[in-house]
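Descriptive structure summary
For reference, the chains in residue letters:
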Amino acid sequence: MSLIRRFFFVFLLICLGCAAQSVPSDLTKRIERQVRSFYNIPTEVPVAVGAITPSTDWPNYDSVTITIGGGDAKKSDIKFLISKDRNTLLRLNKLDLTKDPFAEVMSKIDTSGRPTRGAKGAKVVVVNYDDFECPFCSRMHQTLFPEILKEYGDRVTFVYKDYPLVEIHPWATHAAVNANCLAAQNTDAYWDFADYIHSNQREVNTESTSEARFAALDRITLQQGQKHKLDTPKLQACIKTNDEAPVKASMKEGDAVGVSATPTLFINGEKIDGAVPISQVRASLDRALKDAGQPVPEHAPATAGPSK
C-alpha cells in the first residue's frame, strides 16, 4: 500500500511539473527587459514573471502571467503567450463573439431604487456615475439636462449613481448622502438638488471650512425638502445619520465596471469617459436606440455647449 502511495506521489509531482514550469533566470531577465521597454515601465515599478503553463488555445505556445506593479503601485496581472522555443512573447486578446459586452456591463449595474428621469422602463438606459463636486460632472449634467433630456426624454431612461472622488473632492460624499436622503422621499427633490448643486458648486466651495461646506449642503437639502413638502423631521434625521454605506456600495460597483474618473456614462453598456461634446453623446444614444429597434429623434441645429 505504501508503495502505491509513493508511486502516486511521484506521479503527481511529474504532472505538476508538466503543468507549471519555473522560468529560468536568463529567460526571466529577457522577458522583463522586453516588457519594461515596450510598456515604458519605470525602474521603481516591479515586474514579476510567473510560472509557464501550457496554453489550451494556442498549440505552439505556452502561457505566462506577468505581474506589473505591487507594493505602493497598483498591481496588474497580464497574461502573455510564449513560444515553445522561448524566442517570442505575444499578448493577444481573445474576444468571445457569443457574448454581448455591453449587456454584461449593464447586468453588473444595479439601478433598482434609484431616481430616474425621462421615460419609464425604456429600452435604452443612461447610467451616469456622478460626483457633485466635480466641475466636469457639472458640464456633463448641463449637457444632459435640459438639452439631451428634451430630445430623448420620451424614449430614454436616465439614472445617476454615486462615485465621489473622495481624494480630491472632500464634500462630494456628503452631497451624495444628502441627495439620497431626498431621493428616499421624492424623486423630483433629488433631481432639483442635483440641478442646483451642479449649477452652483461655487456656493459651497466659497465656504471657508469643511464644516461650513457641509452646513451649506444641509441647508440646500432642507430647502429642497421644504419646496417639495417632504417630512422635515425624517429628512433631518437622515441628514444627521449621514449613512455613507450606499454611496460606498455604488463606488465599489463603479470600480467593478471600469469607472476610474467622473463623469463616466454607460449608454446601454457603452462607456463614455469625461465631459465629451454633446455630439458624441447623441451618436451613442442614436446607436443604442437603433440597436434596440427604437426610433431616433430628429435633431435640432447644434447649439453651443456649456462653457468650460
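The model shown is predicted, which means the values in this text are computed figures rather than measured ones.

About the criteria used
Numbers given to residues run from 1 along each chain, matching the order in which its sequence is written. Local features in a predicted model are, by the rule used here, given only for residues with pLDDT of at least 70; side-chain atom pairs are given and counted only at 80 or more, and totals for whole chains, interfaces and linings are based on all residues. Only hydrogens and water are set aside; all other atoms, that is, all heavy atoms of the structure, feed into the side-chain values. Pairs were defined over the aromatic rings of Phe, Tyr and Trp, the Trp ring being its six-membered one, requiring ring centres within 6.5 Å. Orientation was assigned from the angle between planes: stacked under 30 degrees, edge-to-face over 60, tilted for the rest. What counts as a helix is a DSSP run of H or I of at least four residues, what counts as a strand is a run of E of at least two, and both are numbered from the N terminus. The rule is simple: take the accessible area with a 1.4 Å probe, protein chains only, and divide by the maximum for that residue type; under 20% is buried, over 50% is exposed, in between is partly exposed. What makes a patch is a set of residues exposed beyond 30% relative accessible area and free of salt bridges, joined within 9 Å when like-charged and within 5 Å when nonpolar (Val, Leu, Ile, Met, Phe, Trp, Tyr). Here the open area of atoms and residues is found with the Shrake-Rupley method and a 1.4 Å probe, where only the protein chains shown may cover a residue. Here a salt bridge means any side-chain nitrogen of Lys or Arg lying within 4 Å of a carboxyl oxygen belonging to Asp or Glu. In this count, Lys and Arg are taken as positive residues and Asp and Glu as negative ones, while His and the chain termini are left out. Positions of charges follow a simple convention, taking NZ of Lys, CZ of Arg, CG of Asp or CD of Glu. Whether two strands pair depends on DSSP finding at least two bridges between them. The disulfide definition used here is simple: a pair of cysteine sulfur atoms within 2.5 Å. Working rule for helices: expected span equals 1.5 Å times residues minus one. The contact criterion used is simple: two residues touch if any of their non-hydrogen atoms lie within 4.5 Å. As used in this record, nonpolar core signifies buried Ala, Val, Leu, Ile, Met, Phe, Trp, Tyr and Cys residues forming a set joined through side-chain atoms within 4.5 Å. Only C-alpha atoms enter the line fits that serve as axes; for helices the fit covers just the stretch in contact. Angles between N-to-C directions range over 0 to 180 degrees. Relative orientations are named as follows: roughly parallel for angles under 35 degrees, roughly antiparallel for angles over 145 degrees, roughly perpendicular for angles from 65 to 115 degrees, and oblique for any other angle. Throughout, a crossing is termed right-handed when the near helix is turned clockwise from the far one, and left-handed when it is turned anticlockwise from it by less than a right angle. All residues other than Ala, Val, Leu, Ile, Met, Phe, Trp, Tyr, Cys, Pro, Asp, Glu, Lys and Arg, Gly among them, are scored as polar; the first ten of these are nonpolar and the last four charged.

What follows concerns the packing of aromatic side chains. Across all of its chains, the model carries nine aromatic pairs by this definition. Here Phe-132 and Phe-193 contribute two aromatic rings whose centre-to-centre distance is 5.6 Å and whose plane-to-plane angle is 75°, an arrangement assigned as edge-to-face. Of this pair, Phe-132 sits in the loop between β6 (124–130) and α4 (135–152) while Phe-193 sits in helix α6 (residues 187–199), and the two are 61 residues apart along the sequence. The burial state of Phe-132 is the same as that of Phe-193; both residues are buried. Centre to centre, the rings of Phe-145 and Phe-158 are 5.6 Å apart; their planes meet at 70°, and the pair counts as edge-to-face. Pair noted here: Phe-145 is in helix α4 and Phe-158 is in strand β7 (residues 156–162), with a separation of 13 residues, a long-range link.

A cluster of acidic residues, Asp-96, Asp-100, Glu-104 and Asp-291, forms a negative patch on the protein surface. With respect to the secondary-structure elements, Asp-291 resides in helix α11 (residues 278–291).

All right, on to the pairing of strand β1 (residues 47–54) then. Where β1 lies against strand β2 (residues 61–70), six bridges are found, and the strand directions are antiparallel. Across the sheet, residue Ala-48 finds its bridge partner in β2, namely Thr-67. Count of turn residues in the β1/β2 antiparallel hairpin: six residues.

Think of a disulfide as a covalent bridge from one cysteine sulfur atom to another cysteine sulfur atom. Tallied over the entire structure, the rule returns one disulfide. Residue Cys-181 pairs covalently with Cys-238 via a disulfide, S to S 2.1 Å. Taking the torsion about the S-S bond as the criterion, the Cys-181 to Cys-238 disulfide, at about -85°, is left-handed. Linking Cys-181 in helix α5 (residues 172–183) with Cys-238 in helix α9 (residues 232–241), this pair joins segments that are 57 residues apart in sequence. Cys-137 supplies the cysteine sulfur nearest to Cys-134, a cysteine that is in no disulfide, at a spacing of 3.2 Å.

Moving on, we get to α5. In this model α5 runs 16 Å from its N-terminal to its C-terminal C-alpha over 12 residues, within 8% of the 16 Å that 1.5 Å per residue would give. Within α5, 12 of the 12 residues are buried, which leaves it mostly tucked inside the rest of the structure. Of the residues making up α5, those classed as buried are Ala-172, Thr-173, His-174, Ala-175, Ala-176, Val-177, Asn-178, Ala-179, Asn-180, Cys-181, Leu-182 and Ala-183. Buried residues along α5 sit against β7, α6, α8 (210–227), α9 and α10 (245–256).

Quick look at the nonpolar core now. Among the nonpolar cores identified, the biggest contains 54 residues, and Phe-132, Leu-144 and Leu-285 are the most heavily contacted of them. Val-23, Val-35, Val-47 and Val-49 belong to the second-largest nonpolar core, a separate cluster that totals 15 residues.

Attention shifts here to the packing of α6 against α8. In the contact formed by α6 and α8, the axes pass within 10 Å of each other and the chain directions differ by 140°. Between α6 and α8, the angle falls in the class oblique. α6 and α8 meet at a crossing whose hand is right-handed. From α6, Ala-189, Asp-192, Phe-193, Tyr-196 and Ile-197 reach across to α8, where they touch Leu-217, Ile-220, Thr-221, Gln-224 and Lys-227. Across the contact of α6 with α8, the residue classes break down as six nonpolar, two polar and two charged.

This paragraph deals with the pairing of strand β8 (residues 264–267). The alternating pattern of β8 places Thr-264 and Phe-266 on one face and Leu-265 and Ile-267 on the opposite face, and all of these are buried. In the sheet, β6 pairs with β8 via four bridges, with the strands oriented antiparallel. Bridging from a neighbouring strand, Asn-128 pairs with Leu-265 of β8. Where β8 meets strand β9 (residues 270–273), four bridges bridge the pair, whose relative direction is antiparallel. Within β9, the position partnered with Phe-266 by the bridge is Lys-271. Hairpin connection from β8 to β9: two residues lie between these consecutive antiparallel strands, with Asn-268 at a positive phi of about 50°.

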